[in-house]
Amino acid sequence: MVDRADIKSSFSSSVNSRADELERISRDILGHPESGYREVRTSNLVADWFKTNGLEVQICIAKTGVIATLDTGIPGPHIAVMGELDSLIVPGHAHADPETGAAHACGHHAQIGAMLAVASGLLEPSVKKELVGKVSFMAVPAEEYIELEYRESLLEGGEIEFFGGKQEFIKLGFFNDVDIAMLTHTGGETPGTLGVGGSNNGMIGKTIQYIGTAAHAGGSPHLGVNALNAAHLALGAIHAQRETFRDADTVRVHPIITKGGAAVNSVPADVRMETYVRASNVPAILNASEKIDRALRAGALATGASVRIQTNPGYLPAKYDDNLTELYRNNASSLVGDDNVINRNHSTGCTDVGDVSQIIATIQPTANATSGNGHGIDYLVDNYDLAVLKAGKAMGMTVIDLLAGNGATGNNISGAFKAPLTISKYLERMRSFRSDVTYEE
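Participant: What am I meant to see in the overall build of the protein chain here?
Facilitator: Regarding its fold elements, the protein chain presents 14 helices and 22 strands. Its C-alpha radius of gyration of 23 Å places the protein chain within 12% of the 22 Å reference for a compact globule of 441 residues. A principal-axis box enclosing the C-alpha atoms of the protein chain has dimensions of 85 × 45 × 40 Å. For the protein chain, the residues scored as buried account for 58% of the 441 residues in total. Contacts spanning at least 24 positions in sequence make up 80% of the contacts within the protein chain whose residues lie at least 6 apart. Total accessible area on the protein chain stands at roughly 16900 Å², and carbon and sulfur atoms take up 49% of it. Charge separation in the protein chain, taken as the distance between the mean sites of 36 positive and 51 negative side-chain charges, equals 3 Å.

Participant: Sorry, what's going on with the nonpolar core here?
Facilitator: What tends to happen in soluble globular proteins is that the nonpolar side chains get buried as a cluster. Core analysis: the largest hydrophobic core is formed by 74 residues, its most contacted members being Met82, Met138, Phe169, Phe175, Tyr210, Leu296 and Tyr426. Per-element accounting of this core gives the leading share, 8 residues, to helix H9 (residues 282–303). By size, the runner-up hydrophobic cluster in this structure holds 64 residues, among which are Leu55, Val196, Leu389 and Ile413.

Participant: Quick question: what am I supposed to make of helix H10 (residues 322–336) here?
Facilitator: In an α-helix, one turn spans 3.6 residues; hence positions three or four apart end up facing the same way. Between its first and last C-alpha, H10 extends 20 Å over 15 residues, near the 21 Å set by a 1.5 Å rise per residue. Among the residues making up H10, those that are buried are Leu324, Thr325, Leu327, Tyr328, Arg329, Asn331, Ala332, Ser333 and Val336. Its side-chain oxygen at 3.3 Å from the backbone nitrogen of Asn323, Asp321 defines the N-terminal cap of H10. Among the residues trailing H10, Gly337 stands out with phi positive, at a value near 95°.

Participant: Any chance you could explain the sheet that holds strand E9 (residues 194–196) here in plain terms?
Facilitator: Strands belonging to one sheet form pairs held by backbone hydrogen bonds; the direction of such a pair is parallel or antiparallel. The strand order across the open sheet formed by 4 strands is E8-E19-E9-E16, and the pairing between neighbours is mixed. A strand with exactly one partner marks an edge of an open sheet, and here the two such strands are strand E8 (185–187) and strand E16 (341–343). This sheet shows a mean twist of 35° between the axes of neighbouring strands, independent of strand direction. When E9 meets strand E19 (residues 366–368), the two strands line up antiparallel, connected through 2 bridges. Among the inter-strand pairings, Gly195 is bridged to a residue of E19, identified as Thr366.

Reading the values: the criteria
- Residues numbered from 1 in each chain as written.
- Predicted model: local features only at pLDDT ≥ 70, side-chain atom pairs only at ≥ 80, totals over all residues.
- Heavy atoms only, no water.
- Helix = DSSP H or I, 4+ residues; strand = E, 2+ residues; numbered from the N terminus.
- Rg over C-alpha atoms; globule rule 2.2 N^0.38 Å.
- Buried < 20%, exposed > 50% of the residue type's maximum accessible area, 1.4 Å probe, protein only.
- Contact = heavy atoms within 4.5 Å.
- Areas by Shrake-Rupley, 256 points an atom, 1.4 Å probe, with all protein chains shown as cover.
- Lys, Arg positive; Asp, Glu negative; His and termini not counted.
- Charge placed at Lys NZ, Arg CZ, Asp CG, Glu CD.
- Core = buried A, V, L, I, M, F, W, Y, C linked by side-chain atoms within 4.5 Å.
- Expected span 1.5 Å × (residues − 1).
- Polar contact = N/O pair within 3.5 Å; in protein donor to acceptor, adjacent residues only side chain to side chain.
- Pairing = 2+ DSSP bridges.
- Axes fitted to C-alpha atoms, helices over the stretch in contact; angles between N-to-C directions.

Quick look at the structure:
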């Protein structure tokens with residue numbers, strides 16, 4: 001039997017031989033950002049790479065998703081290595097699309113590079129022949145929960161059911177036989193390190209529409225019903241709730257007004273808002289959601305407007321698997337040293353990796369290779385060696401541990417995982433979050 005260290009050495013050498021190509025692809029995606037469910041160019045780029053490298057490829061999953069499968073032909077665990085296709089909307093970012101404002105102020109372009117690095121190394125014949133089972137490389141759309149009205153239109157058109165790409169992959173059955181999943185996100189905590197463990201908030205999303213009555217803003221405002229005033233009162237009522245949120249639940253609510261009126265000389269009659277309601281656990285999300293709905297209704301009641309509140313399932317809280325984390329930690333340490341593998345704390349941000357973590361053993365380590373503020377105009381990947389190559393190597397070496405030696409380690413980790421939800425219960429829970437109610441005050 002070949003020593004596992006030798007397998008990992010061959011894997012690493014294969015990744016190194018394609019280092020320039022992997023960074024070039026990552027930077028290409030950076031230069032052509034596309035937001036969720038619009039990632040056509042990025043999807044085609046990734047699919048073409050997989051096809052060129054001889055993998056079986058499925059395309060147009062959840063509109064733009066791609067899955068490429070490396071099948072050893074020997075029964076064993078099924079591992080998903082994920083990367084996210086989408087960008088944010090951050091006008092002013094150095095790499096923003098001048099027309100759409102789309103920008104990779106999230107580092108997802110490096111995620112794709114890291115996923116391709118894993119594939120590059122595992123495709124090496126001397127590596128592949130020592131493994132069992134399957135690896136699915138999942139390029140997933142729409143992790144960033146943005147452009148809610150656009151996604152509402154996709155929902156109404158029957159193109160999607162959920163706003164997050166991994167949720168769609170789960171619904172469509174692509175995780176039915178997957179045992180373990182992983183993805184590496186970029187981060188900025190303690191540059192030069194790889195972060196492990198931690199957890200993430202979950203959330204739901206709301207789109208709100210206030211309907212008032214238009215009238216001449218100067219000549220006859222008394223004949224109007226000001227929907228913008230209704231929204232402003234609602235914002236104040238939301239702020240008044242903040243002291244009622246428990247610190248332990250890490251609740252976050254941050255509404256924005258996306259449409260404030262039609263013209264300055266007309267009383268605003270159609271005002272739109274979006275908000276998340278985030279927390280570390282589902283009961284806290286539901287409790288905060290009820291309070292936010294009351295605040296939204298209060299604005300309508302005070303002004304005589306009506307309000308439509310559409311609530312959609314967001315992401316479930318992320319809980320990363322301890323056994324898989326420790327396996328990854330050992331590989332990360334071999335690449336960057338023990339002192340440069342740090343423990344992550346709970347994050348109040350959200351990710352649809354959390355949804356995956358509710359059904360199978362999952363990790364989402366971070367490659368701390370960036371500068372600037374996450375989701376800000378100054379967020380940049382500075383260290384592609386860490387964000388793409390070492391991130392990919394750490395995941396790939398972990399896959400080798402899971403699938404070498406007849407897959408015993410992979411079977412042990414997946415067998416020990418106690419899933420909070422079955423897939424059917426997961427879908428039932430997610431669908432229960434959805435509501436669409438109009439209040440005529």
